[in-house]
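# Close look at the chain arrangement
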Amino acid sequence: MTSLDAAGPSRFAVTPEPGLSPHHFEAPGPPPVDRPLGTLALLKELRRNPVATWTRLHYDRLLLSGESILGKIVVVSDPALIRHILVDNVANYPKDRLQQRVLSSGLGRGLLLAEGDNWRMQRRALAPLFTPRTVMSFQVAMADVASELVERWDRQRDGRRLDASREMARATLHVLARTIFSDGLGRRTEDFIAAVTRYLEAMGKLDPLDILDMPAWIPRVGRLKARSTLQFFDGVVTTMIEERRSLIQKSPEAAPRDLLTLLLEAADPESGEGLSEDDIKANIVTFIAAGHETTSNTLTWALYLVSQDPHARARLEAEVDRELPDGRFVPGSIDALPYTRAVIDEALRLYPPAATLTRDAIGPDMLGTLRVKAGGRIVISPWVLHRHNKLWPSPGVFDPNRFLEPNKQSIDRFAYLPFGAGPRVCIGASFAIQEAVIILATVVRRYRLDLCAGHVVMPLQRVSLRPQGGMPMLASQRNRDQRTL
Ligand code: HEM
């Protein structure tokens, strides 16, 4: 492995920032390995938990290149070079083949994996689905789901043990079900939720055949498992589309302004071309696959982190007690919850759901002093970047204050990439942030969650970065006195 730190300037020298929390909770993660793993060990670890493969050097150097079973890999953590790859010279760095293969069943034609003109057309057509105004219109649905979540807990015994990651996954799926199909999936909701969970489970592990770039016709176990689930999706989604189309034909004003109607109306403003039936279906599956576990894991990590830091918890509780006096999120009041937002931002830093972004160079290029050949694979790892010793003061420490003004100003845009950057930045970022803030505020307003004694927390990289073995927590209803403190 070659360190090319000479290319990485020392302008990122870390000095403690004023206003950082006096509390020091180190957010757990797999310890860095001392030297790069050998071929078999790497293959095994990439399948078990890819975030456990990073070496000490990765957290210290801004640019590293080396050979592995994945071919020649360049790991980039220098914000200026990341900007070069994701923005300035983006045409040279399309998404890599490994990513395309792993996610292609079901998502193949959707925005996440599309390339070239088809991606440009889809991105323009889908932009109206995620404008600030449209995203804001979903606040009521998100607040409803959040309130229903805590009301369901209310009906159960106080001090009850629950798996926060399951609870959050349920909530974020309900949000998607309601914002995509606002008239609801009816009887199909529970089956749909079970199918999404099975699908993500089947797709979650890196298959050695993909890592080794074996031909696509060789069957992959995960994909075979995902196939029946995809057929189920296809059936449900086709019915929903037919029902909605006929409603729009009969009385357009009666059709709800949810993501499904917006998808059916979506058209490229340049060509006027609409999305095909297959593109619509692929994008529904894409929104669910890209937006469900990512957001639910963010919430799970946020609840965990807050449970470990009494100072942060007190501050969060004070804010939500003030801003949600009746226990329910008031649509339009997101800006009144800056600390809740900072907790989400910090959870996304310490546990970025998309832990690795990968690209293949299509032509030669220079990254600092490093020559990249055509076909070279580029890895930008938000996991490494967000815990990099040269980019963050006390990188492992949970401290939401980093994301409050004015501290936030000193964060380099390209040192913090939970949603990526450049033209392929996450289209659902503001949707996800809004949803996470509403759900976290509503849960914390009513409940205090503590990690069950003896449970060891460790992140596990699957489609998204999730807690290994879930997040068993004890939920106790906050009493009236606590709530009005
Ligand atoms: C906390 C939650 C989320 C995280 C951390 C996240 C993260 C990301 C990242 C890092 C990318 C860029 C990948 C790359 O450059 O290789 C991305 C793209 C994307 N995300 Fe998200 N996402 C989240 C929520 C959502 C939601 C809620 C939706 C939709 C409802 C969504 C839909 C998409 C789509 C369609 C793309 C592809 C955009 C394109 O290529 O033009 N995401 N997401």
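Residues numbered from 1 in each chain as written. Predicted model: local features only at pLDDT ≥ 70, side-chain atom pairs only at ≥ 80, totals over all residues. Heavy atoms only, no water.

## Quick word on the overall build of the protein chain
Going by this rule: Working definition: helices are DSSP H or I runs of at least four residues, strands are E runs of at least two. Numbering for both runs from the N terminus. Classification of residues uses two cut-offs on accessible area relative to the type maximum, computed with a 1.4 Å probe and protein chains only: under 20% is buried, over 50% is exposed, and between them is partly exposed. Residue contacts follow a heavy-atom distance rule, with two residues in contact if any of their heavy atoms lie within 4.5 Å. Per-residue and other accessible areas were derived by the Shrake-Rupley procedure at a 1.4 Å probe size, with only the shown protein chains allowed to occlude residues.
Scanning the protein chain for helices and strands turns up 19 helices and 12 strands. Burial statistics for the protein chain: of 485 residues in total, 55% are counted as buried. Across the protein chain, the fraction of contacts at a sequence separation of at least 24, relative to all contacts at a separation of at least 6, is 76%. Accessible area of the protein chain: about 20900 Å², with a carbon and sulfur share of 55%.

## A word on the pattern of salt bridges
Rules: The rule for a salt bridge is simple: a side-chain nitrogen of Lys or Arg has to be within 4 Å of a carboxyl oxygen of Asp or Glu.
On inspection of all chains with the given rule, the structure shows 26 salt bridges. Measuring nitrogen to oxygen at the nearest pair gives 3.5 Å for the salt bridge that ties Glu-115 to Arg-424. Taken together, the residues span a long stretch of sequence, with Glu-115 in the loop between α4 (97-107) and α5 (116-126) and Arg-424 in the loop between α17 (382-386) and α18 (429-446) at a distance of 309 residues. Look at Glu-115 and you get partly exposed, because its relative accessible area is 32%. Judged by relative accessible area, Arg-424 falls into the buried class, the value being 16%. Sharing partners across several salt bridges, the network here consists of Glu-317, Asp-321, Arg-445, Arg-448 and Arg-478.

## What to know about the site of the ligand
For the record, the criterion: For each residue, the test is whether any non-hydrogen atom lies within 4 Å of the molecule or strand; if one does, the residue is near. Polar contacts, as used here, are pairs of N or O atoms within 3.5 Å; protein pairs need one atom able to donate a hydrogen and one able to accept it. Residues neighboring in sequence count only if both atoms are side-chain atoms. Residue polarity is assigned by list, with Asp, Glu, Lys and Arg as charged and Ala, Val, Leu, Ile, Met, Phe, Trp, Tyr, Cys and Pro as nonpolar; anything else, Gly included, falls into the polar class.
Around the ligand there are 28 residues in total, and Trp-119, Arg-123, Arg-359, Arg-424 and Cys-426 lie nearest to it. In the model, an oxygen atom of the ligand is placed 2.7 Å from a nitrogen or oxygen of the Arg-123 side chain. At 2.8 Å, a side-chain N or O of Arg-424 approaches an oxygen atom of the ligand. Of all the elements in the fold, those that place two or more residues in the shell around the ligand are α5, α13 (277-291), α14 (293-307), β5 (357-360) and α18. Of the residues forming the shell around the ligand, the biggest block, four residues, is contributed by α13. Within the shell around the ligand, the residues separate by chemical class into 16 nonpolar, eight polar and four charged.

## Points about the confidence of the model for the protein chain
Definition in use: What pLDDT expresses is the predictor's confidence in each residue, scored from 0 to 100.
Summarising the model, the protein chain shows a mean pLDDT of 86, and 85% of its residues fall at 70 or more. This model gives residues 4-18 a pLDDT under 50, and the stretch forms 37 contacts once residues within four places in sequence are excluded. Below a pLDDT of 50 lies the segment residues 481-485, which in the model reaches nine contacts outside its immediate sequence neighbourhood of four places, other chains included.

## Quick notes on the coordination of the iron atom of the ligand
For a metal bound by four donors in tetrahedral geometry, the ideal donor-metal-donor angle is 109.5 degrees, whereas six donors in octahedral geometry ideally sit at 90 or 180 degrees. The condition is simple: Distances up to 2.8 Å from the metal define which N, O and S atoms are donors, and 3.2 Å serves for Na, K and Ca; water is absent from the atom set, so sites may look incomplete.
Within the protein, a single donor atom binds the iron atom of the ligand, namely Cys-426 (SG) at 2.3 Å. Tracing the sequence through the fold places Cys-426 in the loop between α17 and α18.

## Some thoughts on the sheet that holds strand β12 (residues 472-477)
This is how the line gets drawn: Being paired, for any two strands, means DSSP has found at least two bridges between them. All axes are obtained by fitting lines to C-alpha atoms, using only the stretch in contact for helices, and the reported angles, taken between N-to-C directions, cover 0 to 180 degrees.
The strand order across the open sheet built from three strands is β4-β12-β9, with neighbouring strands paired in antiparallel fashion. Whereas interior strands pair on both sides, the edge strands pair on one side only; in this sheet they are β4 (160-163) and β9 (447-451). Each adjacent strand pair in this sheet contributes to an overall mean axis angle of 35°, direction not counted. As judged from the five bridges shared by β9 and β12, these two strands associate in the antiparallel manner. Across the sheet, the residue bridging to Leu-449 is Ala-475, located in β12.

## Observations regarding the UniProt feature "binding site: heme" (unreviewed entry) in the protein chain
We count it as follows: UniProt positions are given in the numbering used here, feature names are shortened, and annotations may be inferred rather than shown by experiment.
Cross-referencing UniProt, the feature "binding site: heme" (unreviewed entry) maps to Cys-426 in the present numbering. Beyond its immediate sequence surroundings of up to four residues, Cys-426 is in contact with Arg-123 and Phe-419.

## Brief notes about the packing of aromatic side chains
How two aromatic rings sit relative to each other is given by the distance of their centres and the angle of their planes. How we decide: Between the rings of Phe, Tyr and Trp (Trp by its six-membered ring), a pair exists once the centres lie within 6.5 Å; its type follows the angle of the planes, with under 30 degrees stacked, over 60 edge-to-face, and the other angles tilted.
Tallied over the entire structure, the rule returns 11 aromatic pairs. Ring centres of Trp-392 and Tyr-416 lie 6.3 Å apart, and the angle between their planes is 75°; this geometry places the pair in the edge-to-face category. Separated by 24 residues along the polypeptide, Trp-392 in the loop between α17 and α18 and Tyr-416 in the loop between α17 and α18 bring together distant segments of the chain. On the basis of relative accessibility, which here comes to 14%, the residue Tyr-416 falls in the buried class. Of the aromatic side chains, those joined through ring pairs into one cluster are Phe-25, Trp-301, Tyr-304, Tyr-351 and Trp-383.

## Here we look at the pairing of β12
As judged from the four bridges shared by β4 and β12, these two strands associate in the antiparallel manner. Looking across to β12, one finds that Leu-162 is bridged to Met-473.

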